[in-house]
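Given next are the chains, with one letter for each unit.
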Amino acid sequence: MAPWTKTSSERYGVVKWNFIAKAEKQLSLAVGDTVHIQESCEGWYKGYVIKNKERKGAFPANFIVLKEVIIEKRGDEEVITSVEMPLVKEVTTTLREWGTIWKQLYLQSSKKVRFTQVQRLMWDLMEWRSQLLSGTLPSDEFKELKQKVTSKIDYGNKILELDVVVRDADGNILDPERASVISLFRAHRDATAKITERIKEEQSNVQMDHSGVSARIQSSPTHSLYVFVRNFVCRIGEDSELFMSLYDPNKQTNISENYLVRWGDKGLPKDIEMLNSLKVVFTDLGNKDLNREKIYLICQIVRVGRMDLKDTPNKKWTTGLRRPFGVAVMDISDIIKGKTECDEEKQYFIPFHPVIAENDFLHALLNKVTSSRGDSGGQGTTHSFPAQMTSQQRSLR
Amino acid sequence: MQVVKEQITRALTIKPNSLDQFKSRLQNLSYTEILKLRQSERMNQEDFQSRPILELREKIQPEIMELIKQQRLNRLCEGTCFRKISSRRRQDKFWYCRLSPNHKVLHYGDLEESPQGEVPHDSLQDKPVPVADIKAVVTGKDCPHMKEKGALKQNKEVLELAFSVLYESDEYLNFIAPDKHEYCVWTDGLNALLGKEMTSEFTRSDMDTLLNMEMKLRLLDLENIQIPEVPPPIPKEPSNYDFVYDCN
């Protein structure tokens, strides 16, 4: 006769298989229900389904997947909270609340538009919730996603005329027991203003992704730019070296080191294996760099070979001399500031400007090119910028 | 770091024979590739094939069907404006039909022109049809107004939007729905009043939408938890049911 004992750490779980009660003191369970467990005995638990606290009964322990909890004692009662992220819990309760309202909207045929609108909101939230739970997001994308989720929840609550949830700067819900009345009032006022503005935005279909990108930029002190060099098309006839770097035209200085690619005379990189993987990451860009007015990606091309291109290759002439050949310049201020979206496949063609006379300085040519916008005649390098502005601090999530 | 680990494990699963193959495989598994793979795996997990989920689905289905029935009857109570076909085609006349709020009677009557808003009850002149007297609902080719000679001149669409209500063993009330959606709503509603199953395609699609959303909401807490293939064995019943607190 084993006695029933109160459980200490096994308090909360999810049902993973349907269970039909066979005796009066047993409790039927449906898959997906969440249960609170109070006692255990011989492989059975006793507790109740959270949705229906009145009915208590016994059910087998192996039908439950246990979840970790934090137990707080408030006076006589114990408050059990699961260790899931508070945002995830909020999304879950919000989704369930909206679910019942959504079904009511279905019944009223005049609310068809609202019905589909709420349906889309719910799908988006569910997708984002599973992304949050998967634990596979780097920390900057996580912050961006948090912002997106909270703004969607606020928008949905507003159009369904539910209570406004007041948040602090990080997107966490303000606890009325811990915040002062005046700060709560101010937060309420700010929240309503922000939400009405966002509703106007959504209604005019303006795509303003500022909130996501600015959250990402504010969250990390250093940034990097990832450049993938795809090809270099130029008729030189000799080996050359490409130096790529970031350049500030107003101060006329390079703001990064040079990335060197040796290119052979046949039109392929010297190191054939690197053909499809000429990738470089410019790291340690601080906020000061982001705030520069204009940033260019420049490529200085140096020809390695004879003194003068026009001379025929002859043993008499010295080779191995490095002569300037030209520059290629591209304005990437928009990409750096996050104003244009970047994806892996988009390739940019950077036009190329050759030196006019053999004794020109590359620097002078650079200044000329950056101040004008000329045409180049089809020669240049192709780059793509996947995944810009990724944060240096990727935590081990 | 997790992404790098996953890239390497995935590249190793195909057991490459040389370092070159390994390198080329790694190159294919870029960061965005991994994210895409993960997302598609998450989508596939929602395939809902496991037994307990199918059982739950069947359990919820009647509730959802009840919801759909409620919606159809609400629509019928609001009423719809129908067109009359006349063999002379001189002028399209309108008539309005609606169900009474207690679902017992069908009111209908002629209208001069298409109404813009609510049509009050007393403007529907004709004798109302009690629902209890309705014997059957026929659709399409079987409708008497479709069988008329003049009707054959009508195009095929009208045939698909026509339905009739048979009451008092030989009286027919003929409808031509303005569009497919109204047709489905009315045939569903009338079938529901007769206690029969609702069979239109809108019912099926509504049922899918509602049921899928309901299932997703219920299974939110099972995220990242694998549902077993076979049911866990039910342990032997406990020797007693003396719970610690008997707070019922």
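All right, on to the overall build of chain B then. Summing up its helical and strand segments, chain B has eight helices and seven strands in all. Counting across all 248 residues of chain B, residues that qualify as buried make up 40%. Expressed as a percentage of contacts within chain B between residues at least 6 apart in sequence, the contacts between residues at least 24 apart total 50%. Of the roughly 15,300 Å² that chain B leaves accessible, carbon and sulfur atoms contribute 50%.

Helices and strands together make up the secondary structure of chain A, namely eight helices and 18 strands. Out of the 397 residues belonging to chain A, those deemed buried represent 47%. Across chain A, contacts joining residues at least 24 apart in sequence account for 65% of those joining residues at least 6 apart. Summing over all exposed atoms, chain A offers an accessible surface of approximately 21,500 Å²; the carbon and sulfur share of this is 51%.

On to the packing of aromatic side chains, then. Residue and element names in this part refer to chain A. Within the structure shown, the criterion is met by four aromatic pairs over all chains. Pairing Phe19 with Phe63 gives two aromatic rings, centres 5.4 Å apart and planes at 65 degrees, and the pair type is edge-to-face. With Phe19 in the loop between strand 2 (12-15) and strand 3 (34-41) and Phe63 in the loop between strand 5 (52-60) and strand 6 (64-67), this residue pair connects regions lying 44 residues apart in the sequence. Across the pair, Phe63 and Phe19 agree in class, each one buried. Here Tyr106 and Phe115 contribute two aromatic rings whose centre-to-centre distance is 5.6 Å and whose plane-to-plane angle is 40 degrees, an arrangement assigned as tilted. Taken individually, Tyr106 and Phe115 each receive the classification buried, so the pair is uniform in this respect. Aromatic rings pair up to connect Phe19, Trp44 and Phe63 into one cluster.

Our focus in this paragraph is the pattern of salt bridges. Residue and element names in this part refer to chain A. Per the stated rule, a full pass over the model turns up eleven salt bridges over all chains. A salt bridge links Asp124 to Lys152; its shortest N-O distance comes to 3.7 Å. One end of the pair, Asp124, is in helix 2 (residues 112-134); the other, Lys152, is in helix 3 (residues 139-159), and 28 residues separate them in sequence. The partner of Glu241 in a salt bridge is Arg262, and the shortest N-O contact between them spans 3.0 Å. Of this pair, Glu241 sits in strand 10 (residues 239-248) while Arg262 sits in strand 12 (residues 259-263), placing them 21 residues apart in sequence. Of the residues examined, Glu241 reaches a relative accessible area of 10% and is grouped as buried.

Residue and element names in this part refer to chain A. Phi is positive for Glu42, close to 50 degrees, though the residue is something other than glycine. For Glu42, a relative accessible area of 38% gives the class partly exposed. Even without being glycine, Glu161 reaches a positive phi, approximately 60 degrees. Tracing the sequence through the fold places Glu161 in the loop between helix 3 and helix 4 (181-203).

Turning our eyes to something else, we now look at the confidence of the model for chain A. Residue and element names in this part refer to chain A. For chain A, the average pLDDT comes to 74, and 73% of its residues sit at 70 or higher. Mean pLDDT values for the elements of chain A range from 34 in strand 18 (residues 390-391) up to 87 in strand 4 (residues 44-49). Within the model, pLDDT remains below 50 along residues 373-378, and this stretch shows six contacts once partners closer than five positions in the same chain are excluded. Here residues 386-397 scores under 50 on pLDDT; set against residues more than four positions off or in separate chains, the count is 38 contacts.

This part covers the sheet that holds strand 6 (residues 162-167) of chain B. By definition, the strands of a sheet pair up through backbone hydrogen bonds, in either a parallel or an antiparallel sense. All names here are of chain B. In spatial order, the strands read 5-6-7; together these three strands make up an open sheet with antiparallel pairing. Single-partner strands in this sheet number two, and they are strand 5 (134-139) and strand 7 (171-176). In this sheet, neighbouring strand axes are inclined to one another by 20 degrees on average, regardless of whether the strands run parallel or antiparallel. When strand 6 meets strand 7, the two strands line up antiparallel, connected through six bridges. Its bridge partner lying in strand 7, Phe163 is registered against Phe175. Across the sheet, helix 7 (residues 180-193) lies against strand 5, strand 6 and strand 7, angled at about 20 degrees from strand 6, the strand it touches most.

In terms of nonpolar packing, the biggest core is built from 68 residues, with A:Leu29 and A:Val149 touching the most fellow members. What A:Val149 contacts, discounting residues up to four positions off in sequence, is A:Leu87, A:Val91, A:Leu125, A:Trp128 and A:Leu132.

What follows covers the side chain of A:Ser256. Within the secondary structure, A:Ser256 sits in the loop between strand 11 (253-254) and strand 12. Here the side chain of A:Ser256 touches A:Leu246 through a polar contact of 3.0 Å, landing on its backbone nitrogen.

We now examine the interface of chain A and chain B. Contact with chain A, which involves 63 residues of that partner, is made by 60 residues of chain B. Buried area between chain A and chain B, summed over both chains or domains, comes out near 5,500 Å², and the portion from carbon and sulfur atoms is 61%. Between chain A and chain B we count two salt bridges in total. In this structure, the salt-bridge partner of A:Lys103 is B:Glu214, at a minimum N-O distance of 2.9 Å. On inspection of chain A and its partner chain B, the count reaches nine residue pairs in polar contact (both at pLDDT 80 or more). Among the secondary structure elements, those contributing two or more residues to the side of chain A that touches chain B are strand 1 (5-6), strand 2, strand 3, strand 4, strand 5, strand 6, helix 1 (86-107) and helix 2 of chain A. In terms of residues, the side of chain A that touches chain B owes the most to one element, helix 2 of chain A, which gives eleven residues. Its residues assigned to classes, the side of chain A that touches chain B comprises 28 nonpolar, 17 polar and 18 charged.

Moving on to the confidence of the model for chain B. Of the residues in chain B, 71% reach a pLDDT of 70 or more, and the chain-wide mean stands at 74. Our summary of model confidence lists the complex with pTM equal to 0.64 and ipTM equal to 0.72.

This brings us to the environment of A:Leu260. Residues and elements named next belong to chain A. Residue position: Leu260 is located in strand 12. The sequence separation of Leu260 and Val280 amounts to 20 residues, and the corresponding C-alpha distance is 9.8 Å. With sequence-adjacent residues up to four places away left out, Leu260 is seen in contact with Glu241, Leu242 and Phe243.

Let us look at the side chain of A:Asn157. Residues and elements named next belong to chain A. The residue Asn157 is located in helix 3 in this model. A residue is classified by how much of its surface remains accessible, and Asn157, at 6% relative accessible area, is buried. There is a polar contact of 3.1 Å between the side chain of Asn157 and the side chain of Trp98. Asn157 has contacts with Thr94, Trp98, Leu162, Asp163 and Val165, leaving out every residue within four places of it along the chain.

So, how was this worked out
Residues numbered from 1 in each chain as written. Chains lettered and ligands numbered in written order. Predicted model: local features only at pLDDT ≥ 70, side-chain atom pairs only at ≥ 80, totals over all residues. Heavy atoms only, no water. Helix = DSSP H or I, 4+ residues; strand = E, 2+ residues; numbered from the N terminus. Buried < 20%, exposed > 50% of the residue type's maximum accessible area, 1.4 Å probe, protein only. Contact = heavy atoms within 4.5 Å. Areas by Shrake-Rupley, 256 points an atom, 1.4 Å probe, with all protein chains shown as cover. Phe/Tyr/Trp six-rings, centres within 6.5 Å; stacked < 30°, edge-to-face > 60°. Salt bridge = Lys/Arg side-chain N within 4 Å of Asp/Glu carboxyl O. pLDDT = per-residue confidence, 0-100. Pairing = 2+ DSSP bridges. Axes fitted to C-alpha atoms, helices over the stretch in contact; angles between N-to-C directions. Core = buried A, V, L, I, M, F, W, Y, C linked by side-chain atoms within 4.5 Å. Polar contact = N/O pair within 3.5 Å; in protein donor to acceptor, adjacent residues only side chain to side chain. Buried area = accessible area lost by both parts, 1.4 Å probe. Nonpolar A, V, L, I, M, F, W, Y, C, P; charged D, E, K, R; others polar.

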